[in-house]
Amino acid sequence: MTGDDLPDVIISTCDQDLADECLDARVVVFPYEGAGMFGNAIERSVAPFPVRLLVADFELDGAPDVAALHLPAAPQAGGAHLISVLFNDPAQGIGLATEYDAWNGIGYSFGLAAGDVSGNDRPDLVFTQHLATPPRGPQAGFLPNDPGPFGAPLDLDVPGLAPSNIHVADIDGDGRCEVITINNGVDGSDPISVGVLDVDPLSPIATDPGEAVEEPDLDEIVPTSGPRRAKAKVTRGRKTRR
Ligand SMILES: [Ca+2]
Ligand SMILES: [Ca+2]
Ligand SMILES: [Ca+2]
């Protein structure tokens, strides 16, 4: 994170009161300086309940950035699920958080991953959107890094229900990442499964995901196509208060 080629430690924090309100949330970078020593922590305020972090260089400027996935205050009652990004610039360092709307609804998101899903060589963000009540609809979403970070959120109709985690990997070797979810299933009637979705780069919203498979079967991966389903407006450049 600090440009010295030494790996740093990054954590998220959330100070909660007795009512489980998140009073103060931060992403904290502890810069490793070698020989077992860490420099002064770099802290940035972020939206409440940052439950997942990842590092990727979204701007391709050589300085890794940090993305955080946030839960709303009461996921079981619904609300806006946000992603915040701390852009890290080689000259300016780690910036303030920029917030993006990911999805809105009743349910929990604990899965966040970055990789080039759209095929423009820039890492995109994908996230689970476990809609807890019928009609459940698409179970994952996508923030395309095109043009530059980030476009409006779009749905990904991954196979399976109730994804607990999400990954990206180019498992068919065509240079673009597939989206892989680990699905918990619902109410015992829908099985625990692995869902694999190959997003069509010409029409990045897949609407025909096919079947969830208990183990990924490459023969089952079918490029899908369909209309774009833009879901919600994106809020760009909104800075958190410090
Ligand atoms: Ca960067
Ligand atoms: Ca991309
Ligand atoms: Ca691929």
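Residue positions are given per chain, counted from 1 along the sequence in the order it is written. Just so you know, chain letters begin at A and ligand numbers begin at 1, following the order they were written in. A pLDDT threshold of at least 70 governs which residues receive local features in this predicted model, and a stricter bar of 80 or more applies before side-chain atom pairs are shown or counted, although totals over entire chains, interfaces and linings include all residues.

A short note on the sheet that holds strand 16 (residues 163–169)
Here is step 1: With respect to topology, three strands assemble into an open sheet ordered 16-17-18, the strand pairing being antiparallel. Each of the sheet's edge strands pairs with one partner strand only, and the pair in question is strand 16 and strand 18 (193–197). Direction aside, the axes of adjacent strands within the sheet are offset by 20° on average.
Here is step 2: Examined bridge by bridge, strand 16 and strand 17 (residues 178–183) share six bridges and lie antiparallel to one another. Residue Ala169 lies in a different strand from strand 17, and its bridge partner there is Glu178. Strands qualify as paired when DSSP identifies two bridges or more between them. Counting from the N terminus, the helices are DSSP H or I runs at least four residues long and the strands are E runs at least two residues long. Lines fitted to C-alpha atoms define the axes, with helix axes restricted to the stretch in contact, and inter-axis angles between N-to-C directions lie between 0 and 180 degrees.

Focus: the nonpolar core
Here is step 1: Grouped together as the largest cluster of nonpolar side chains are 46 residues, with contacts concentrated most on Ile83, Leu125, Val126, Phe127 and Val179.
Here is step 2: For Val126, the contacting residues outside a window of four places in its chain are Ala113, Val117, Ala140, Phe142, Leu156, Ile166, Val168 and Val179. Buried Ala, Val, Leu, Ile, Met, Phe, Trp, Tyr and Cys residues whose C-beta atoms connect them within 7 Å together make up a nonpolar core. Using C-beta atoms placed from the backbone, we call a residue buried if 20 or more other C-beta atoms fall within 10 Å of its own, exposed if 12 or fewer do, and partly exposed for counts in between. The contact criterion used is a C-beta to C-beta distance within 7 Å, with each C-beta placed from the backbone.

Things to note about the confidence of the model for the protein
Here is step 1: A score between 0 and 100, pLDDT records how confident the predictor is in each residue. Scored by pLDDT, the protein has a mean of 84; 83% of the residues are at 70 or more.
Here is step 2: Across residues 215–242 the pLDDT falls below 50, and counting only partners more than four positions away or on other chains, this stretch makes 71 contacts in the model.

Here's the deal with the sheet that holds strand 15 (residues 154–156)
Here is step 1: Read from one edge to the other, the open sheet built from four strands follows the order 11-12-14-15, with strand pairing classed as antiparallel. The open sheet is flanked by strand 11 (112–115) and strand 15, the only strands paired with a single partner. Strand-to-strand twist of the sheet, defined as the mean angle between neighbouring strand axes without regard to direction, takes the value 30°.
Here is step 2: Summarising the sheet, strand 12 (residues 124–128) and strand 14 (residues 140–143) pair through four bridges and their orientation is antiparallel. In the sheet register, Thr128 faces strand 14, and the bridge partner there is Ala140.

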